Amino acid sequence: MTGMPSAQASHRPAPKPNGASNGNAANGCGPCTNGDTDGSGKSVGDPAVARMTSLVDRLGRAVHCLQFADGLNPAQWAVLRYLDRANRYSRTPTAISEYLGTTRGTVSQTIKALEAKGMIRRAASGRDRRAVLLELTGEGRAALEDDPLHCVASVAGMLGDELDEASRFLDRVVDCLQAGNGSLGFGMCADCTHFCRNGFGGEAHRCGLTGDPLSAVDSTKICVNYSAPSAP
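In this report, the structure presented in the accompanying data block is examined. (Residues numbered from 1 in each chain as written. Predicted model: local features only at pLDDT ≥ 70, side-chain atom pairs only at ≥ 80, totals over all residues. Heavy atoms only, no water.)

Attention now moves to the packing of helix α2 (residues 74-85) against helix α3 (residues 93-100). Helix packing geometry: the angle between the two helix axes and the distance between the axes. Direction vectors running N to C along α2 and α3 enclose 110°, while the axes themselves pass 11 Å from each other. Regarding the angle of α2 to α3, the classification is roughly perpendicular. Relative to α3, the crossing made by α2 is right-handed. Contact residues: A78, V79, Y82, L83 and R85 in α2; A95, I96, Y99 and L100 in α3. (Axes fitted to C-alpha atoms, helices over the stretch in contact; angles between N-to-C directions. Helix = DSSP H or I, 4+ residues; strand = E, 2+ residues; numbered from the N terminus. Parallel < 35°, antiparallel > 145°, perpendicular 65-115°, else oblique. Left-handed = near helix turned anticlockwise from the far one by under 90°. Contact = heavy atoms within 4.5 Å.)

So, in structure tokens, the structure goes:
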């Protein structure tokens, strides 16, 4: 991904229907509630919990403000980053809406604005002529070279050995919140249960869900059809 690593790229399972578990319980978290603890025994009113909540809120506000840059707004930057990371099954307006947790109407307006700026274009789907696929143009990729979140990525890089721990924490926070609002799961292709490594021999992988060949680059993209492996 160009820019800041996103917690939303974590390899989380899609929620199950009828309130069934989506696997987040294995991570020590479940749907967001108004209970007295945070799921680990600490009280929601505990000073450490309150401080962490405040820091997450402040970080979100700071990152939001940074993204009013180069004639774009935060929603437009988010769509550019998503299209840079998403595989060919996931570059639809609906998938963008699911990933970003926003309305289709908002995404539609954002797409129109980016098209007008020449940063994204519509492409035909080889699987369904009715489907609308979106892709970055050269202008869109050039814009990401100056992603305003590069400064956040630089700060994150200075965490050194603490970066993995911080990323796991943010992954779990996002997992818990998404479990409560029923969001789809997104994750990296190579970590999906449908991924068949060397499925066609040599370095040609295969998607077990669609039967399509996957390149090495494909395997690093995030997918709307991601399915997390079962816990051992």
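Still more to cover.
On to the sheet that holds strand β4 (residues 195-196), then. Within the open sheet, the three strands sit side by side as β4-β5-β6. Their pairing is antiparallel. Either end of the sheet is taken by a strand with one partner, and the two such strands are β4 and β6 (213-214). As paired elements, strand β5 (residues 205-207) and β6 share two bridges and run antiparallel to each other. In the strand pairing of β6, H205 is matched with L214. (Pairing = 2+ DSSP bridges.)

Considering all chains together, one arrives at six salt bridges under this definition. Put simply, D84 and R141 hold a salt bridge, and the shortest N to O gap is 3.4 Å. With D84 in helix α2 and R141 in helix α5 (residues 138-144), this residue pair connects regions lying 57 residues apart in the sequence. Since its relative accessible area comes to 46%, R141 is described here as partly exposed. (Salt bridge = Lys/Arg side-chain N within 4 Å of Asp/Glu carboxyl O. Buried < 20%, exposed > 50% of the residue type's maximum accessible area, 1.4 Å probe, protein only.)

This next bit is on α3. For α3, the full list of buried residues reads A95, I96, S97 and Y99. At its buried positions, α3 is contacted by α2, α4 (104-116), β2 (132-136) and β7 (222-223). Among the residues trailing α3, G101 stands out with phi positive, at a value near 65°.

Turning our attention to the packing of α2 against α4. At a minimum axis distance of 10 Å, the contact between α2 and α4 shows a crossing angle of 80°. On the basis of their axis angle, the class for α2 and α4 is roughly perpendicular. Residue-level contacts link A75, Q76, V79 and L80 of α2 to T110, A113 and L114 of α4. Its residues assigned to classes, the contact of α2 with α4 shows five nonpolar, two polar and no charged. (Nonpolar A, V, L, I, M, F, W, Y, C, P; charged D, E, K, R; others polar.)

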